[in-house]
Amino acid sequence: MAEEHRCQAPRLCVNNCGFFGSPATQNLCSKCFRDLQLKEQQSSSAKQALNQTLISASAPSSAVEVVEKMVTVSAPVVKVEEKKPAEAATVAVTTGVNRCVTCRRRVGLTGFHCRCGSLFCGSHRYPEQHECSFDFKEIGKEQIAKANPVIKAEKLQKI
């Protein structure tokens, strides 16, 4: 009887992320379980969208047209981002190749993102190397002012 009420030893997550899983979440931790649900939801919505596009297509005459429509649906999207409001005319196009803004060297996943919003290689990652436009002094002053507020006590009455 005591064995029935004894707690079970905690099990690690099935994804080996280092956290503990539970049988209620398919032996996954809460984060891995949430990620699994999001993937399932995205795949089901993608299947529904594909089915709707195939159904809405007016009976294609050959399999080539079906393949062409599927290719146009799954084409990669190129993001367009604006750098800053002051530089509204400058628009950067994000592509699959990451390059250093200064020397145009390919950096891939090892690039360094600066606070000015640009990507740099290892030799141009420091602000003095790429003539950074970010104002570090102003941000430092704001952080110090926020961390150390001015506190004035009320004046005491003199006896």
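Residues numbered from 1 in each chain as written. Predicted model: local features only at pLDDT ≥ 70, side-chain atom pairs only at ≥ 80, totals over all residues. Heavy atoms only, no water.

## With respect to the state of the cysteines
Rule in force here: Note on terminology: pairs of cysteine sulfur atoms within 2.5 Å are recorded as disulfides.
For the structure shown, the criterion picks out 0 disulfides. C100 takes part in no disulfide bond, and the closest cysteine sulfur, belonging to C103, lies 3.7 Å away.

## A look at the nonpolar core
How we decide: Buried Ala, Val, Leu, Ile, Met, Phe, Trp, Tyr and Cys residues that are joined via side-chain atoms within 4.5 Å together make up what is termed a nonpolar core. Exposed residues in this analysis have more than 50% of their type's maximum accessible area, buried residues have under 20%, and partly exposed residues fall in between, with area computed by a 1.4 Å probe over protein chains only.
If you look at the biggest cluster of nonpolar residues, it comprises 8 residues: C100, V107, C114, C116, L119, F120, C121 and C132. Formed by 5 residues, the second largest nonpolar core is a distinct cluster that contains C13, C29, C32 and F33.

## Side note on the environment of N98
Worth spelling out the cut-off: Per the convention used, a helix needs a DSSP run of H or I reaching at least four residues, while a strand needs a run of E reaching at least two, with both numbered from the N terminus. A 3.5 Å cut-off defines polar contacts: any pair of N or O atoms within that distance qualifies, except that in protein one atom must be a possible hydrogen donor and the other a possible acceptor, and neighbouring residues in sequence count only when both atoms are side-chain atoms.
Looking at the element boundaries, N98 is found in the loop between β4 (91-93) and β5 (112-113). Residue classification places N98 among the partly exposed residues on the basis of a relative accessible area of 29%. Distance in space between the C-alpha atoms of N98 and T110 is 9.3 Å, their sequence separation being 12 residues. At a separation of 3.2 Å, a polar atom in the side chain of N98 contacts the main-chain carbonyl oxygen of G108.

## Considerations on the confidence of the model for the protein
This is how the line gets drawn: The pLDDT value expresses, per residue, how confident the predictor is, ranging between 0 and 100. Two residues form a contact once any of their heavy atoms are found within 4.5 Å.
Averaged over every residue, the pLDDT of the protein is 74; the share at 70 or more is 69%. Counting contacts from residues 71-93, a segment whose pLDDT is below 50, to residues more than four positions away or on other chains yields 17 contacts.

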